[in-house]
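Okay, here's what each chain looks like letter by letter:
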Amino acid sequence: MNISILFIIFIIGISYGSHAPLVPVFAREEINANYIEVGEIGMVNYLPYLFVPILVGLLLDRFNKSAILSIGITISTLSIFLLSFASNVIDMMVIRAFAGLAHAFIWPAATSIVSETNSRSVKSISRFTMFWVGGYMIGPIIGSLLFESFGFRALFQYTSLFMIIALLLSSILIKKVKNITNGREDSIRDILIMFHDNLRVHILIIYYSAAFGITLSILPAYMKEHGINEQEIGLLFFIFGLARLLTLLFTDKLASSSSKILIIAILSISFAMLILYSMIEFTLFMLAVTMLGFSFSIYFPLTLNLITKDVPNEMIGRYIGAYETVFGLGWAIAPFIAGILSDIFTSNTPYLIMFVIGLFMPLMMLRFNSK
């Protein structure tokens, strides 16, 4: 595996982890956004994931993958820095939309580089994800320290410096990564076949991404509402990252029992949501984020491996792009719906609904298996 891409994704993880968990809190505390507006900010951040990754995937099969990665990092650097100047909800929505656009370039490009230069085993995907998660685990601690010393706006400015380091490394990587171009013209047909053949997996991905989107976009503000301060939120997301990191150490050993393990991960998400709905205190928040961290780290390597394991290298970009587009469906819509439900009913309503949906997901998997 190209070690440079691992360091790049590690640094990006630090940058994201340093500021992203506090963005919903910033919206509530500094911008005076209500829960619907927090959900809208989360939605526009993830909205580009509804359509951009599939386009990026097609570009990845034709152009230098590291150059596309560098474009994403550049956009991300600017979007993080500009957060320090946001003064209202509209400002935040525009800036977070660009942040989502950046991530729609960064993640498919980085994953494609790893997948092209290695066998697409669960082990290699897990190792790559470990560097991302390791950075995201350290980030909240750094972010909480920066916030305590300088406040929200300086935090965003300092965090953007990490992205500049990642940009320099990705620029160097452009010359090192050999690009495998694809001469096939039936790109859309390939993607449609992929969607049809992996319908069950895609339904699972949507539930996972919905839970992930709520965790990142709504949960920090929910924690703050129930007496968890910014430093404690940083600590909880450190624990969330640690649970993800430790799980990735043995994810490859679970690949032979993918269906059973994915059912366990679904139920873990579901009951974590039940805890968030009904039991609100620091230790129980800690238990819930640990369960979510375990589940999310199980999900990504196993589902990506299921979809891409038989795909030739010259087509890997479009398949990863399509995977990320499906992920974006839940990631974009769930925070928006959760924000509406929180304001119309109570702030814990989305977690109850996610719990109930999670209970039905294993039944859906068993039905597909029986067919």
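Residues numbered from 1 in each chain as written. Predicted model: local features only at pLDDT ≥ 70, side-chain atom pairs only at ≥ 80, totals over all residues. Heavy atoms only, no water.

### Considerations on the overall build of the protein
From N to C terminus, the protein includes 16 helices and zero strands. Within the protein, the fraction of its 371 residues that count as buried is 60%. Sequence-distant contacts in the protein: of pairs separated by 6 or more residues, those separated by 24 or more amount to 88%. As presented, the protein carries roughly 14,100 Å² of accessible surface, and 69% of it is formed by carbon and sulfur atoms. (Helix = DSSP H or I, 4+ residues; strand = E, 2+ residues; numbered from the N terminus. Buried < 20%, exposed > 50% of the residue type's maximum accessible area, 1.4 Å probe, protein only. Contact = heavy atoms within 4.5 Å. Areas by Shrake-Rupley, 256 points an atom, 1.4 Å probe, with all protein chains shown as cover.)

### Describing the nonpolar core
In this structure, I12, L69, M92, M223, M273 and Y299 are the most contacted members of the largest nonpolar core, which totals 119 residues. Per-element accounting of this core gives the leading share, 13 residues, to helix α14 (residues 282–308). (Core = buried A, V, L, I, M, F, W, Y, C linked by side-chain atoms within 4.5 Å.)

### Some remarks on the pattern of salt bridges
As enumerated under the stated definition, the model contains two salt bridges in all. The closest approach of N and O atoms between E30 and R153, which form a salt bridge, is 3.9 Å. Taken as a pair, E30 in the loop between α2 (23–29) and α3 (35–46) and R153 in helix α8 (residues 152–173) lie far apart in primary sequence, 123 residues in all. Overall, the relative accessible area of 39% leaves E30 in the partly exposed class. A salt bridge links K224 to E230; its shortest N-O distance comes to 3.3 Å. For E230, a relative accessible area of 9% puts it in the buried group. (Salt bridge = Lys/Arg side-chain N within 4 Å of Asp/Glu carboxyl O.)

### Things to note about the side chain of S18
Mapped onto the elements of the fold, S18 is located in helix α1 (residues 3–19). A polar atom in the side chain of S18 sits 2.7 Å from the backbone oxygen of I14. Setting aside anything within four residues of it in sequence, one finds S18 in contact with G139, P140, I142, G143, L155, T159 and F162. (Polar contact = N/O pair within 3.5 Å; in protein donor to acceptor, adjacent residues only side chain to side chain.)

### So, the packing of α3 against helix α10 (residues 199–217)
Between two packed helices, both the angle of their axes relative to each other and the distance between the axes serve to describe the pair. Taken N-terminus to C-terminus, the directions of α3 and α10 make an angle of 125°; their axes are 10 Å apart at the nearest point. Considered as vectors, α3 and α10 are oriented oblique to each other. Handedness of the α3/α10 crossing: right-handed. Listed contacts from α10 to V38, G42 and Y46 of α3 are G213, L216 and S217. In terms of residue class, the contact of α3 with α10 is made up of three nonpolar, three polar and no charged. (Axes fitted to C-alpha atoms, helices over the stretch in contact; angles between N-to-C directions. Parallel < 35°, antiparallel > 145°, perpendicular 65-115°, else oblique. Left-handed = near helix turned anticlockwise from the far one by under 90°. Nonpolar A, V, L, I, M, F, W, Y, C, P; charged D, E, K, R; others polar.)

### Topic: the packing of α10 against helix α15 (residues 316–344)
Remark: α10 packs on α15, axes separated minimally by 7 Å, with the N-to-C direction vectors making an angle of 45°. Here α10 lies oblique to α15, going by the angle between them. For the pair α10 and α15, the crossing hand works out as right-handed. Taken together, the residues of α15 that come into contact with α10 (itself represented by H202, I205, I206, Y208, S209, A210, F212, G213, I214, L216 and S217) are Y323, V326, F327, L329, G330, W331, A334, P335 and A338.

### What to know about the confidence of the model for the protein
On average, the protein scores 84 in pLDDT, and the residues at 70 or more come to 89%. Ranking the elements of the protein by mean pLDDT puts helix α9 (residues 187–197) last with 63 and helix α5 (residues 65–82) first with 93. (pLDDT = per-residue confidence, 0-100.)

### Notes on the environment of S297
Checked against the element boundaries, S297 lands in helix α14. Here the alpha-carbon distance between S297 and R244, two residues 53 residues apart in the chain, equals 5.2 Å. Excluding residues that lie within four positions of it along the chain, S297 makes contacts with R244, L245, T247, L248 and T251. At a separation of 2.9 Å, a polar atom in the side chain of S297 contacts the main-chain carbonyl oxygen of R244.

### Thoughts on the packing of aromatic side chains
If you walk through the whole model with that rule in mind, you get 28 aromatic pairs. Relative to F296, the ring of F240 has its centre 5.9 Å away and its plane inclined at 80°; by these criteria the two rings are edge-to-face. Taken together, the positions of F240 in helix α12 (residues 230–248) and F296 in helix α14 put the pair 56 residues apart, joining distant regions of the chain. The pair F240 / F296 is uniform in exposure class, with both members buried. Here the aromatic cluster, defined as three or more aromatic residues joined through ring pairs, consists of Y46, Y49, Y208, F212, F237, F240, F296, Y299, F327 and W331. (Phe/Tyr/Trp six-rings, centres within 6.5 Å; stacked < 30°, edge-to-face > 60°.)

### Some remarks on unusual backbone geometry
Its identity is not glycine, yet N32 carries a phi of approximately 60°, on the positive side. For N32, the position within the fold is in the loop between α2 and α3.

### Considerations on α8
An ideal rise of 1.5 Å per residue puts 32 Å on 22 residues; α8 measures up with 32 Å between its terminal C-alpha atoms. Among all positions of α8, only F152, A154, L155, F156, T159, S160, M163, A166, S170 and L173 are buried. (Expected span 1.5 Å × (residues − 1).)

### Here we look at the side chain of H103
Looking at where H103 falls in the secondary structure, it is placed in helix α6 (residues 89–117). Residues contacting H103, with those up to four places away along its chain left out, are Y16, Y49, P108, W132 and W331.

### Some details on the environment of I307
For I307, the location among the structural elements is in helix α14. Each C-alpha atom of the pair I307 and V201 lies 8.0 Å from the other, and the pair is 106 residues apart in sequence.

### Quick word on the environment of L329
Secondary-structure assignment places L329 in helix α15. The class for L329 is partly exposed, based on a relative accessible area of 34%. With 124 residues separating them along the chain, L329 and I205 place their C-alpha atoms 9.2 Å apart. With residues near it in sequence (within four places) discarded, L329 still touches L50 and I206.

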